[in-house]
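Spelled out, the chains give:
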Amino acid sequence: MRLPRVLVVDDEEAIRTALERALGLEGFAVATVDGGRAALDAVEEQQPDVVVLDILMPELDGVTVTKTLRARGRDMPILVLSALDEVDDRVAGLQAGADDYLVKPFAVSELVARLHALLRRRPQAVSVPLRAGDIVVDPARHEARRGDRDLALTRREFELLETFVRNAGIVLDRAKLLELVWGYDFAADGNVVDVFVGYLRRKLEAGGEPRVLHTVRGVGFVLRP
Amino acid sequence: MRSLRARVAVAAAVAVLAAFLLAGAVVVGTFAIEARWHEVEGQGPPAWWGEREPPGERIGPPGAQDGPPRFVRALAGRLALAFGAVLLVVAATGFRLAGVALRPLANLRAAAERVATTRDLAMRLPQGDGPEEVDALAGSLNAMLARLQASTAQVEATLEASRRFAAEAGHELRTPLTSMRTNLEVLAASPNLTAEEQRVLADVTREQARLLALLDGLQRLARGDAAEAVPRTRVDLADVVDAAVASARVRHPKATTAFTGPDEAPLDGWPDGLRLLVDNLLENACVHGRPGGRVEVALDVVDDAVVLTVDDDGPGIPPAERERVFERFVRGRQTRAPGSGLGLALVAQQARVHGGVATIGDSPLGGARVTVRLPVDGARPAR
């Protein structure tokens, strides 16, 4: 069986070496590069299955790399690494189209679990347009609209909205959403769910429409069109 | 009387009153002396004395006690009337003129108020086109503003430098600590370690985690100090608490964490800072409460404030330590649980940044109750 290929992008050599060692032991084929430009080249040459990307790098940062890759149609999962003091960068990374984030320093086991989950191919769902109230998601064309307005969602946002539309009226807790949207079947911190629900709400309500994505205290979230 | 303008008007009126009384005394006095002189000379009353009242109507004994003739009494009545009118006119004119005279002072006050409301210490009060007393006052105030501006700029530059230092130092420290942690984990996964080696490795790993917790806390405190300048947005604290509780349940699966509160608790604040506050409150309760115990979070909207309480069923915090534990690096004396001593300091800092206050009391659950009261309008902290 082919080992999953992971591309590690970080300008710090100590982190590259440590991650190469740790992920190698966990059964990944690891390639490392030291900057954004090298990362763009490496993605074209090596076609990695998943990218671990440091946000704060001199020259070309992680946000720009993510945007460029998505604009080129590269849709492999991207996990961004951020330092604690870079909350805004992390947010920018997720908005640019990254799938998840970890704050440095992180537990290797947590990184490995997330990478495996992000790599897991989920069965392609039936690709007929789905509707809930004035929201329409079209998985085949990867298009989501509210009324006449195109929502311009990133991939993760789209998958989250698709999950809510499929389960309209049903309350989904964070663990369930992590499992359905991210494929995380382990106890992960559901903060990334809150972050993405925040993005979705902003885009869903950008035209002044009423809230349809509600918080259910102590449980999770529900789409009530 | 608090109004300077009214005081000036009254002073003018009093001055006129005094002048009038003096003039009246002089006039009446001269008349009296002249009349007396005529009587002494035996010439009878002077010609201008006019007719006396008929003798039959006189009251009292004849002679010196004779009252003044009608002319004098009529004169006195008109004088009193004229005096009253003059007093009114003087008071009114004095009030108007005082307003005009005091206008430069009013302008100065308006300018000073603009400085106060805009907090723009670069503004200066108008100077050079007013009366010299007001100009002198404006000059003194401007000198004071200049000194304030200079010292504020100095404080801000120092703060900015220490913030930058904290951010850079934190980043530099985080990188080796990250690779160190990864390498320790790789080492721990090795099957060839003896029991003794494993114990040593566990000790190093624990101390490394403590270093990281300290770094996290210090960086967050430095960031929180800078947060006074962060623009406020409308934040639903109920949403923040809900997400933080969900996170705490994943981090501390053995503790039972319950949350009760209204559907919405909106306030003006800094979302990251509020999340930090709630995270640290929950972490404190989960770590220092009874292991596998109960943590109860409650949110209440009371008047113009949102009140957050976190209860645990641990040993509690003795009254003597309740203020000190909000200070940096201070930990409870009986505490054996791990911690950096920065968690409650962060809570206190964020409460203060949001114009609120954090206090510790006894929980009905038997442990500590930490209460944070935050004003809804996101008042800035008092400097």
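Provided above is the structure to which this section pertains.
Residues numbered from 1 in each chain as written. Chains lettered and ligands numbered in written order. Predicted model: local features only at pLDDT ≥ 70, side-chain atom pairs only at ≥ 80, totals over all residues.

## With respect to the overall build of chain B
Note the following rule: Only DSSP runs of H or I covering at least 4 residues are called helices, and only runs of E covering at least 2 are called strands; the numbering of each starts at the N terminus. Neighbour density around each residue's C-beta defines its exposure: 20 or more other C-beta atoms within 10 Å make it buried, 12 or fewer make it exposed, and counts between make it partly exposed, where C-beta atoms are placed from the backbone. Any residue pair is listed as a contact if its two C-beta atoms, each placed from the backbone, are within 7 Å.
On a plain count of helices and strands, chain B comes out with seven helices and seven strands. In sequence order, chain B lays out its α and β elements as α-α-α-α-β-α-β-β-α-β-β-α-β-β. Counting the 383 residues in chain B, one finds 25% classified as buried. Sequence-distant contacts, at least 24 apart, represent 68% of the contacts inside chain B between residues at least 6 apart.

## Side note on the overall build of chain A
A count of helices and strands for chain A gives eight helices and 12 strands. Across chain A, the fraction of contacts at a sequence separation of at least 24, relative to all contacts at a separation of at least 6, is 58%.

## Brief notes about the sheet that holds strand 6 (residues 130-132) of chain A
Strand pairing in a sheet relies on backbone hydrogen bonds. The paired strands run either parallel or antiparallel. All names here are of chain A. Quick reminder of the rule: Strands are labelled as partners when DSSP assigns at least two bridges between them.
With antiparallel pairing, four strands are arranged side by side in an open sheet as 6-7-8-9. Both edges of this open sheet fall to strand 6 and strand 9 (149-150), since each of them pairs with a single strand only. When strand 6 meets strand 7 (residues 135-138), the two strands line up antiparallel, connected through three bridges. Paired with Arg 131 across the bridge in strand 7 is Val 136.

## Some points on the packing of helix 5 (residues 237-251) of chain B against helix 6 (residues 271-288) of chain B
Residues and elements named next belong to chain B. The following threshold applies: Axes, fitted as lines to C-alpha atoms, cover a helix only where it is in contact. Angles between the N-to-C directions of the axes lie from 0 to 180 degrees. When an angle is under 35 degrees it counts as roughly parallel; over 145 it counts as roughly antiparallel; between 65 and 115 it counts as roughly perpendicular; any other value is oblique. Handedness of a helix crossing follows the sense of rotation of the near helix relative to the far helix, less than a right angle counterclockwise being left-handed and clockwise being right-handed. Ten residue types, Ala, Val, Leu, Ile, Met, Phe, Trp, Tyr, Cys and Pro, are classed as nonpolar, four, Asp, Glu, Lys and Arg, as charged, and the remainder, Gly among them, as polar.
Running from N to C, helix 5 and helix 6 point in directions that differ by 40°, and their axes come no closer than 9 Å. Here helix 6 runs oblique to helix 5, going by the angle between their axes. In terms of crossing hand, the pair formed by helix 5 and helix 6 is right-handed. The segment helix 5 lies against helix 6, with Leu 237, Val 240, Val 241, Ala 244, Val 245 and Ala 248 engaging Leu 274, Arg 275, Val 278, Asp 279, Leu 282 and Cys 286. Each residue belonging to the contact of helix 5 with helix 6 can be placed in one class, and the counts come to 10 nonpolar, no polar and two charged.

## Details of the sheet that holds strand 10 (residues 172-173) of chain A
Residue and element names in this part refer to chain A. Strand order across the open sheet formed by three strands is 10-12-11, with antiparallel pairing between neighbours. Single-partner strands in this sheet number two, and they are strand 10 and strand 11 (213-216). Across two bridges, strand 10 lies against strand 12 (residues 220-223) in antiparallel orientation. Across the sheet, residue Asp 173 finds its bridge partner in strand 12, namely Gly 220.

## With respect to the interface of chain B and chain A
Counting residues at the interface gives 28 residues for chain B, matched by 25 residues for chain A. Among the elements that take part in the side of chain B that touches chain A, helix 3 (residues 132-188) of chain B stands out by supplying 14 residues, more than any other. In terms of residue class, the side of chain B that touches chain A is built from 11 nonpolar, nine polar and eight charged.

## Notes on the nonpolar core
Inclusion rule: Buried Ala, Val, Leu, Ile, Met, Phe, Trp, Tyr and Cys residues whose C-beta atoms connect them within 7 Å together make up a nonpolar core.
Membership of the largest hydrophobic core comes to 59 residues, with the highest contact counts inside it found for Val 6, Val 51, Val 52, Leu 53, Leu 79, Val 80 and Leu 161 of chain A. Looking at which element gives the most residues to this core, the answer is helix 8 (residues 191-204) of chain A, with six residues. Among the nonpolar cores identified, the runner-up in size contains 44 residues, and Val 278, Val 295, Ala 345 and Ala 358 of chain B belong to it.

## A few points about the environment of Asp 138 of chain A
Residue and element names in this part refer to chain A. Among the structural elements, Asp 138 can be located in strand 7. Among the residues examined, Asp 138 registers 16 C-beta atoms within 10 Å and is labelled partly exposed. Put simply, Asp 138 and Val 128 are 10 residues apart on the chain and 6.5 Å apart in space, counted from C-alpha to C-alpha. For Asp 138, the contacting residues outside a window of four places in its chain are Pro 129 and Glu 143.

## Considerations on the environment of Leu 281 of chain B
All names here are of chain B. Counting through the fold element by element, Leu 281 comes out in helix 6. For Leu 281 and Val 372, which are 91 residues apart along the polypeptide, the C-alpha to C-alpha distance reads 9.5 Å. Beyond its immediate stretch of four places on either side in the chain, Leu 281 contacts Val 310, Val 347 and Val 370.

## Some thoughts on the packing of helix 2 (residues 36-46) of chain A against helix 3 (residues 62-71) of chain A
Residues and elements named next belong to chain A. In the contact formed by helix 2 and helix 3, the axes pass within 10 Å of each other and the chain directions differ by 25°. Relative to helix 3, the element helix 2 lies roughly parallel. Crossing geometry of helix 2 relative to helix 3 is assigned as right-handed. Of the residues in helix 3, those in contact with Gly 36, Ala 39, Leu 40 and Val 43 of helix 2 are Thr 64, Val 65, Thr 68 and Leu 69. Among the residues making up the contact of helix 2 with helix 3, the classes are represented as five nonpolar, three polar and no charged.

## Let's talk about the pairing of strand 4 (residues 294-302) of chain B
Residue and element names in this part refer to chain B. Summarising the sheet, strand 2 (residues 256-260) and strand 4 pair through five bridges and their orientation is parallel. Its bridge partner lying in strand 4, Thr 256 is registered against Arg 294. The sheet contact formed by strand 4 and strand 5 (residues 305-312) spans eight bridges and is antiparallel. Its bridge partner lying in strand 5, Val 297 is registered against Val 310. A loop of two residues connects strand 4 with strand 5, the two strands running antiparallel in sequence, and Asp 303 in this loop sits at a positive phi of about 50°.

## Remarks on unusual backbone geometry
Peptide bonds are mostly trans, and most non-glycine residues show a negative phi. All names here are of chain A. A cis amide bond links Lys 104 to the next residue, Pro 105, at an omega of -5°. Within the fold, Pro 105 resides in the loop between strand 5 (100-103) and helix 5 (108-119). Positive phi values are uncommon outside glycine, yet Gln 47 reaches one of about 45°. Within the element layout of this structure, Gln 47 appears in the loop between helix 2 and strand 3 (50-54).

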